[in-house]
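Spelled out from the first residue to the last, the chains are:
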Amino acid sequence: MIATTLTLLLTSAACGSDDGPGAGAPVPGVTDSEIVVGTHMPLTGPASAGYSKIAPATKAYFDYVNANGGVHGRKITYKIMDDGYNPATTQQVVRQLVLQDKVFAILNGLGTPTHTGVLDFLHTNRVPDLFVASGSRSWDQPDRYPNTFGFNPDYTVEGKILANHVKTTLPGRKVCFLGQDDDFGRDALAGVEKVLGADGVTDRQTYVTSNTNVAPQIGAFKAAGCEVVILATVPGFTALSVGTAARLDFRPQWVVSNVGADHPTLARQLGDAAGLLEGMVGLNYLPMQNDADDPWIQLFTKVNTEHNGGAEFDGNTVYGMAVGYLFVQVLQAAGKDLTRESLVEAVRKGGYQGPGVAPLRFSATDHSGYGGGRLSRVEGGEQRYFGPTYETDESDGPVNEYTTPPVPPPANGVPSA
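Under an unreviewed UniProt entry, the name given to the protein is ABC transporter substrate-binding protein, and the organism recorded is Micromonospora sediminimaris. Entered under Sequence similarities (unreviewed entry) in the UniProt record, the comment concerning the protein runs "Belongs to the leucine-binding protein family."

Take a look at the structure:
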């Protein structure tokens, strides 16, 4: 009995706790020389178009940081798991990352329906859940999920900004809405209706990613006489919607969520029909991938060449590296004595600036991420920003101009402590 008790005590001491008060307790995923973090991404499946490039770009930025000395002497290892945008698979791979691979944190797990299913598991296991790749308002629940933080502007904020553009520049037009049948679509529609009113949307349709036939939805829009269609769609379904509308001889003004508005990704999907994207209005909050004069694009292009095999450079590449940069900022702020608690506290402190054109809103009471964005338009086959940057809230606040310019990157491209 004594021997058994001693064995249990020794085993408990060896395992330690997450980052509890015990002196010297080991922290999962952290050694003197390494920090191991993980993610779930749709490397395959219905959301893989474009999105499969995000995690490799983040890893490339980490490799760049590692080549420049790492963070407080530690190098970052990024474990990327393919979930195929399937919520059941997401639960399997996240459990593996946490329970078997013992990652320090989950970073930028992608998708509203996928990540929603692992929120409670990550909370129960006290795993930092940082910069979720989705604009669902579910990530901004500090009381319920104190270790979860968003990154994208939330979909209601984005819906308000897109609808504000429609209201001010396309008054009197019949507006219709197509959204994914989950929080992505519902939250975006809520934002649209806050600006246009429920009566300001002529028809509302939804899609599910398991059904690639959107002809019924697009046909309904044509029958309703829609002149403007707002899309809350992943890239594959943006391309499907535009292509299907062309086959039905329906040419509305497309106004598209940042989630599905990356022009290079859509152009690859549409191939010879890429010209159908001309005039598309989108929203973004990071430097435009084709702005060669932007210092962040210059940095990320260098990283892409040196550490990402010179992969085709688009908005997903910029997104992945921007996430990596922010995570390194937070690691620097968390200090050399790294724990899960110190990491989360570093995010809560906020004050981070980087490549984004809109404000980051992290605080003890706000876990939402970016708070606005800037409109873009496709003209002559190029996607460019136009007009000011806007910010707003997810409630009934106004849509205001945001005038603070983004800061340039540090000279060596690595944030300092």
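Enumeration over the complete set of coordinates arrives at 15 aromatic pairs. When the ring of Phe 131 is compared with that of Phe 362, the centres are 5.5 Å apart and the planes differ by 35°; the resulting orientation is tilted. Here Phe 131, found in strand E4 (residues 129-132), pairs with Phe 362, found in the loop between helix H14 (340-349) and strand E11 (372-379); they are 231 residues apart in sequence, far enough to count as distant. Side by side, Phe 131 and Phe 362 carry an identical accessibility label, which is buried. A centroid spacing of 5.3 Å and a plane angle of 80° characterise the contact between Phe 151 and Tyr 319, whose relative ring orientation is edge-to-face. You can see Phe 151 sitting in the loop between strand E5 (148-150) and helix H7 (155-169) and its partner Tyr 319 sitting in helix H13 (residues 315-334), a full 168 residues away along the chain. Residue Tyr 319 is classed as buried on the basis of its relative accessible area, which comes to 9%. Three or more aromatic residues link up through ring pairs in this structure, and these residues are Phe 131, Phe 149, Phe 151, Tyr 285, Tyr 319, Phe 362 and Tyr 370. Stacked on the ring of Phe 386, the Lys or Arg Arg 377 has its end atom at 4.0 Å from the ring centre.

The next point concerns the state of the cysteines. Here is the idea: a disulfide is a covalent bond, and it sits between the sulfur atoms of two cysteines. Inspection of every chain in the model, using the stated rule, returns one disulfide. Here Cys 176 is linked by a disulfide to Cys 226, with a sulfur-sulfur distance of 1.7 Å. Taking the torsion about the sulfur-sulfur bond, which here is approximately -55°, the covalent link between Cys 176 and Cys 226 counts as left-handed. Of the two residues, Cys 176 sits in strand E6 (residues 175-180) while Cys 226 sits in the loop between helix H9 (215-224) and strand E8 (228-232), which places them 50 residues apart along the sequence. What makes Cys 226 buried here is its relative accessible area of 5%.

Here the focus is the nonpolar core. One finds Phe 104 and Phe 131 to be the most contacted residues of the largest nonpolar core, which totals 110 residues. At 12 residues, the largest contribution of residues to this core is made by H13. Counting residues in each nonpolar core, the second largest holds 12 residues, with Val 94, Val 103, Ile 106 and Phe 121 among its members.

This next bit is on the sheet that holds strand E1 (residues 34-41). Spatial strand order, E2-E1-E3-E4-E5: five strands in an open sheet with parallel pairing. Since the sheet does not close on itself, it has two edges, and those belong to strand E2 (75-82) and E5, each with one partner. For this sheet the average axis-to-axis angle between neighbouring strands, irrespective of direction, equals 20°. Where strand E3 (residues 105-107) lies against E4, two bridges are found, and the strand directions are parallel. From the neighbouring strand, Leu 107 faces E4, where its bridge partner is Leu 130. Taken strand by strand, helix H3 (residues 54-67) contacts E1, E2 and E3, and its axis lies near 170° from that of E2. On top of the sheet, H13 reaches E1, E2, E3 and E4; it is set at about 145° to E4, its chief contact.

UniProt records the feature "domain: Leucine-binding protein" (unreviewed entry) for residues 35-381 in the present numbering. Split by type, residues 35-381 is 42% helix and 16% strand. Its first and last C-alpha atoms lie 42 Å apart.

In contact at an axis separation of 9 Å, H3 and helix H12 (residues 295-307) are set at 85° when each is read in the N-to-C sense. Classified by the angle their axes make, H3 and H12 are roughly perpendicular. Contact residues: H3 offers Ala 60, Tyr 61, Asp 63, Tyr 64 and Ala 67, while H12 offers Leu 299, Lys 302, Val 303, Glu 306 and His 307. For the contact of H3 with H12, a count of residues per class yields six nonpolar, one polar and three charged.

Turning our attention to the side chain of Asp 129. As for its placement among the helices and strands, Asp 129 is situated in strand E4. Here His 115 takes part through its side chain, which lies 2.8 Å from a polar atom of the side chain of Asp 129. Apart from residues no more than four positions distant in its own chain, Asp 129 is found in contact with Ile 106, His 115, Leu 119, Leu 122, Asn 147, Thr 148 and Phe 149.

Each value, and the rule that gives it
- Residues numbered from 1 in each chain as written.
- Predicted model: local features only at pLDDT ≥ 70, side-chain atom pairs only at ≥ 80, totals over all residues.
- Heavy atoms only, no water.
- UniProt positions renumbered as here; feature names shortened; annotations may be inferred.
- Phe/Tyr/Trp six-rings, centres within 6.5 Å; stacked < 30°, edge-to-face > 60°.
- Helix = DSSP H or I, 4+ residues; strand = E, 2+ residues; numbered from the N terminus.
- Buried < 20%, exposed > 50% of the residue type's maximum accessible area, 1.4 Å probe, protein only.
- Lys NZ or Arg CZ within 6 Å of the ring centre and 35° of its normal.
- Disulfide = S-S within 2.5 Å.
- Core = buried A, V, L, I, M, F, W, Y, C linked by side-chain atoms within 4.5 Å.
- Pairing = 2+ DSSP bridges.
- Axes fitted to C-alpha atoms, helices over the stretch in contact; angles between N-to-C directions.
- Contact = heavy atoms within 4.5 Å.
- Parallel < 35°, antiparallel > 145°, perpendicular 65-115°, else oblique.
- Nonpolar A, V, L, I, M, F, W, Y, C, P; charged D, E, K, R; others polar.
- Polar contact = N/O pair within 3.5 Å; in protein donor to acceptor, adjacent residues only side chain to side chain.

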